[in-house]
Amino acid sequence: MKLHSHIPPGPLAQKWDHHRLTSGLISPANRRKFRIIVVGTGLAGTSAAATLAEQGYQVSAFCIQDSPRRAHSISAQGGINAAKNYPNDGDSVLRLFQDTIKGGDFRAREANVYRLAQISNGIIDQCVAQGVPFAREYGGTLANRSFGGSQVSRTFYARGQTGQQLLLGAYGALSRQIKAGRVTMLPRREMLELVVIDGCARGIVTRNLINGDLENHPADAVILATGGYGNAYFLSTNASSNATAILRAWKAGAGFANPCFVQIHPTCIPAQGTYQSKLTLMSESLRNDGRVWIPKIVGDRRDPTAIPENERDYYLEEKYPRFGNLVPRDVASRNAKEQCDAGRGVGETGHAVYLDFSSAIERDGAAVILKKYSNLFQMYQRITTSDPLQRPMLIAPAVHYTMGGLWVDYNLMTTIPGLFAIGECNFSDHGANRLGASALMQGLADGYFIIGTSIAHYLSANPPGYVTPQHVEFLEAQKNAYDRTQRLLRNNSRITGKKTTVTTMHRELGSLLWHHCGMSRNRAGLEQALTRIPELREAFWDQVCVPGIGHELNQSLERAGRVADFIDCAEIMLHDALAREESCGCHLREESQTEEHEARRDDAHYAHVSVWEYKGEDKPPMMHKEPLLFKDVNLSQRSYT
Amino acid sequence: MQTIDLTLQIWRQKNSDAPGDFETYTLNDISTDMSFLEMLDFLNENLTLQGQEPVAFDHDCREGICGMCGAMVNGIAHGPEPETTLCQLHMRHFSSGDTLVIEPFRSRAFPVKRDLVIDRSALDRIIQAGGYISVNTGGAPDANTIAIPSRTAELAMDAAACIGCGACVASCPNGAAMLFTGAKISQLSLLPQGQPERKERAMAMVMAMDKEGFGNCSNERECEAVCPKAISIRHIARMNREYLRASFSEE
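Fair warning: this is a prediction, and the values are worked out from it, not measured in the lab. (Residues numbered from 1 in each chain as written. Chains lettered and ligands numbered in written order. Predicted model: local features only at pLDDT ≥ 70, side-chain atom pairs only at ≥ 80, totals over all residues. Heavy atoms only, no water.)

Caption draft 1: Seen up close, helix 7 (residues 244-251) of chain A. All names here are of chain A. By the criterion of burial, helix 7 is predominantly enclosed, with seven of the eight residues buried. Three or more residues of helix 7 are buried, namely Thr244, Ala245, Ile246, Leu247, Arg248, Ala249 and Trp250. Glycine 253 lies just past helix 7 and shows a positive phi near 120°. (Buried < 20%, exposed > 50% of the residue type's maximum accessible area, 1.4 Å probe, protein only. Helix = DSSP H or I, 4+ residues; strand = E, 2+ residues; numbered from the N terminus.)

If you want it as structure tokens, here you go:
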């Protein structure tokens, strides 16, 4: 596996310009001769499909939901960053770049992150032009708020529903192209195979989730926009996003970069019982006005409102006076875990801390606070029956985002020519920790503004119409998909000693990952978890019962396939976590800490992207390294104190 | 942990062509902290272990924002709690011994695909008819070029909050999609960016709505009552004004 990042030459600020100038083009009249597949219709996929169709390509877009308006980007609450500097508080492209690189704990590529910061402003312009109803000041200009890891207000928002509004904006653009006949929209389809012919991605095999048909889709290029793999943990804030598409790509030869980089979000509603199917995020924006605390006295079981001010430990404000409650997510999560591990947590399970709005309500009045957060407060009250206006919220860390993903070069192309990965499913911009309000920015930057250049460049050297759906590789891929489906269904008729459900296996996998590959990791735990994976895999294939048949709408079958892939995905995550013997970003490697128990990054040995190559079933994956070179930022230990 | 026992009557239908019917299940030890969908997960786990086929139902975000889930619970879309999607409805709102009748959203325009899963692509086609501002990527003016009064932006946001779940259609005696369509027309007609296509949009979307077989509004207000995002029927009134305005000024 060769890793050419294709970072353009020249000064950082001119790389993107230079790249666009030197990239190949396809003339407008010729674009319609090419078909491009986009898998996934979240922010990245939808914006890419719409934009490429506008440029004149033929696009086929796929999603597992019933409509391209449902993907999990829609749940993003807080906002989207841009370096507009409308509040005149000292922001700039350079500052957004630096904050993002530093927030990612210096494990992302400088050139990619700088481009992201450069593009950020155009995204806001584009979305406003589409009619996205961002929050506004009384004078009619756009309003901003702040997010963790920055000291400026650069986050644009639409109440607590920013992701929804941005996705619906992109969905509108996509709908226009569907109407125009340039996008063929194929909802309720799941990608089961990637087809690689003569070394290039040439299409996919999907399962029609309504009738179970396996369908061949040839194309001139394939773009994956299938989101993250956080659901490997079973409990996460993610919806149905899964690792199936990226696992297929990995097994077909794409490198998987930094699989162990997983973000644990500090402010989620704590888990309540074993039946719980997912965790609900409470936006980071709440930390603008909410104060995190725990009782000073260990085991203080009084109602939080009965605990006087001087008996509360506002540990974030105390420890990090400059950033206070708005430290980056990894810092907030790790501190919450530390407090809870020390027995100082609150709530039924002792795994939560308080997020208190009483000071803000006293200062601004309940009406002002509600205007900013009403939908979040309602959501919290609906789930917990407790009113955040009256009593502090109980919050706990939960798996939220995966910074790792398919390795891509500066063009967002994977190690398989013609296969691109955009949005959360690539690894490109967030290093070892993503700052709040940056996921929406990256998804839309990739889809609206970057992928068009990359696709034209790739296609300019690859003539259109290379394969047909009857190509032998397609037939082979379809057979693989069919065999796999049948294998998942075999326990339906087979008598096995022990019968279990997909959910039970998934829960077990999740618990293994959470305990050994969560916020804090150590060699012994990771090695132990790695020995458990083959056992889990065997148990899964041997015992899991999937009711129904393949040729019908069968949600048990869909879930079973995804969990089988999560098991494989977990194995790569564990290998990667074991190999990275440093603390950085979202995770603490227990062997690598300072005397004060702060995370210690090890730039001498780990300033690289670890890229894993599939070597076959029953063989351990092989790691390659892409060294990270920093010329425009100083590698410093992060300090938010 | 508090638990309840329920009798569930659930619509089972193999596919679009097969006839469907209600089946009765007894489900015990349901935690009151479960969401409605988690209760269905729990039922499905039990059915799977008993060798029966689980109930198919659509769901995605389970946070009340994606609009994928939804069913009629005792005749009410998304169940008895106001401004709540099925995934955000908690079992604490029911009592032990209750019988719940659970069936898919019903409308001529929403064919049942299996059990509680329906096809709502008719709503997508209404949006495709004109529920957007025709602007290509790139070349947009600076975002602050046009000032929009905060109140206008908030009104547009009220309409834009629609999650496209289809509860309005399922609750309307006429099977109308006017709240859904009105919300999008309203959002875009309020914003300055939506002005150039204002008339064409209203005409095209209303026409698409009729073509899909949705009914008309007769001011029953059932849609507003079940809307998980509390979208007001004022948006239907605005849609009607937009449509009239467009038809009178058509060339």
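Back to the text.
Caption draft 2: Quick peek at the domain arrangement of chain A. Residues and elements named next belong to chain A. You can read the domains of chain A as domain 1 (265-400) and domain 2 (472-604). Contact residues are listed per partner, giving 12 residues for domain 1 and 11 residues for domain 2. The contact between domain 1 and domain 2 buries some 760 Å² in all, and 60% of this surface belongs to carbon and sulfur atoms. Among the residues domain 1 hides against domain 2, the three largest losses belong to Asp330, Arg334 and Lys337. Together they make up 53% of the total. Between the two partners, domain 1 and domain 2, sit one salt bridge. Between lysine 319 and glutamate 598 there is a salt bridge, and its shortest N-O distance comes to 3.5 Å. Here domain 1 is connected to domain 2 by two residue pairs in polar contact (both at pLDDT 80 or more). (Domains from an automatic or database assignment. Contact = heavy atoms within 4.5 Å. Buried area = accessible area lost by both parts, 1.4 Å probe. Salt bridge = Lys/Arg side-chain N within 4 Å of Asp/Glu carboxyl O. Polar contact = N/O pair within 3.5 Å; in protein donor to acceptor, adjacent residues only side chain to side chain.)

Caption draft 3: Examining the nonpolar core more closely. With 193 residues, the main nonpolar core has Tyr57, Ile80, Phe134, Leu224, Ile455 and Phe540 of chain A together with Phe214 of chain B as its most contacted residues. The element best represented in this core is helix 16 (residues 555-579) of chain A, accounting for 13 residues. In terms of nonpolar packing, the next biggest core, distinct from the first, is built from 29 residues, Tyr315, Tyr320, Val353 and Leu376 of chain A among them. (Core = buried A, V, L, I, M, F, W, Y, C linked by side-chain atoms within 4.5 Å.)

Caption draft 4: Highlighting the pattern of salt bridges. Scanning the entire structure with this criterion turns up 65 salt bridges over all chains. Between arginine 176 of chain A and glutamate 54 of chain A there is a salt bridge, and its shortest N-O distance comes to 3.9 Å. With a gap of 122 residues between them, arginine 176 of chain A in helix 6 (residues 162-179) and glutamate 54 of chain A in helix 3 (residues 43-55) connect regions that are remote in the sequence. This pair shows no difference in class: arginine 176 of chain A is buried, exactly as glutamate 54 of chain A is. A salt bridge links aspartate 66 of chain A to arginine 120 of chain B, with the nearest nitrogen and oxygen atoms 3.1 Å apart. Of the two residues, aspartate 66 of chain A is situated in the loop between strand 2 (58-62) and strand 3 (80-81) and arginine 120 of chain B in the loop between strand 7 (117-118) and helix 2 (121-128); the pairing between them involves two chains. For the pair shown, aspartate 66 of chain A and arginine 120 of chain B are each scored as buried.

Caption draft 5: Geometry of the sheet that holds strand 7 (residues 200-208) of chain A. Residues and elements named next belong to chain A. The sheet built from three strands is open, its strands ordered 6-7-8 with antiparallel pairing. The open sheet has two edge strands, strand 6 (189-197) and strand 8 (214-218), and neither has a second partner. For this sheet the average axis-to-axis angle between neighbouring strands, irrespective of direction, equals 25°. Two elements, strand 6 and strand 7, share eight bridges in a ladder whose sense is antiparallel. Within the sheet, the bridge partner assigned to isoleucine 197 lies in strand 7 and is cysteine 200. (Pairing = 2+ DSSP bridges. Axes fitted to C-alpha atoms, helices over the stretch in contact; angles between N-to-C directions.)

Caption draft 6: Local environment of the domain arrangement of chain B. Residues and elements named next belong to chain B. Under the domain assignment used here, chain B contains domain 1 (3-113) and domain 2 (121-248). Each of domain 1 and domain 2 has a C-alpha centre, and these two points are 29 Å apart. With 18 residues of domain 1 at the interface, the matching set in domain 2 holds 18 residues. For the pairing of domain 1 and domain 2, the buried interface totals around 1300 Å² over both sides, and the portion due to carbon and sulfur atoms is 63%. Summed over the three residues of domain 1 that lose the most area to domain 2, namely Glu83, Ala109 and Phe110, the buried surface amounts to 34% of that side. Our count for the domain 1 to domain 2 interface comes out at zero salt bridges. Taken together, domain 1 and domain 2 are joined by two residue pairs in polar contact (both at pLDDT 80 or more). Tallied by class, residues from the side of domain 1 that touches domain 2 come to nine nonpolar, six polar and three charged. (Nonpolar A, V, L, I, M, F, W, Y, C, P; charged D, E, K, R; others polar.)

Caption draft 7: Quick look at the packing of helix 1 (residues 15-22) of chain A against helix 12 (residues 439-459) of chain A. Residues and elements named next belong to chain A. Taken N-terminus to C-terminus, the directions of helix 1 and helix 12 make an angle of 35°; their axes are 10 Å apart at the nearest point. Read as a crossing pair, helix 1 and helix 12 show a hand that is left-handed. The residues of helix 12 that touch helix 1, namely those facing Trp16, His19, Arg20 and Thr22, are Phe449, Ile450, Thr453 and His457. Residue composition of the contact of helix 1 with helix 12, grouped by class: three nonpolar, four polar and one charged. (Left-handed = near helix turned anticlockwise from the far one by under 90°.)

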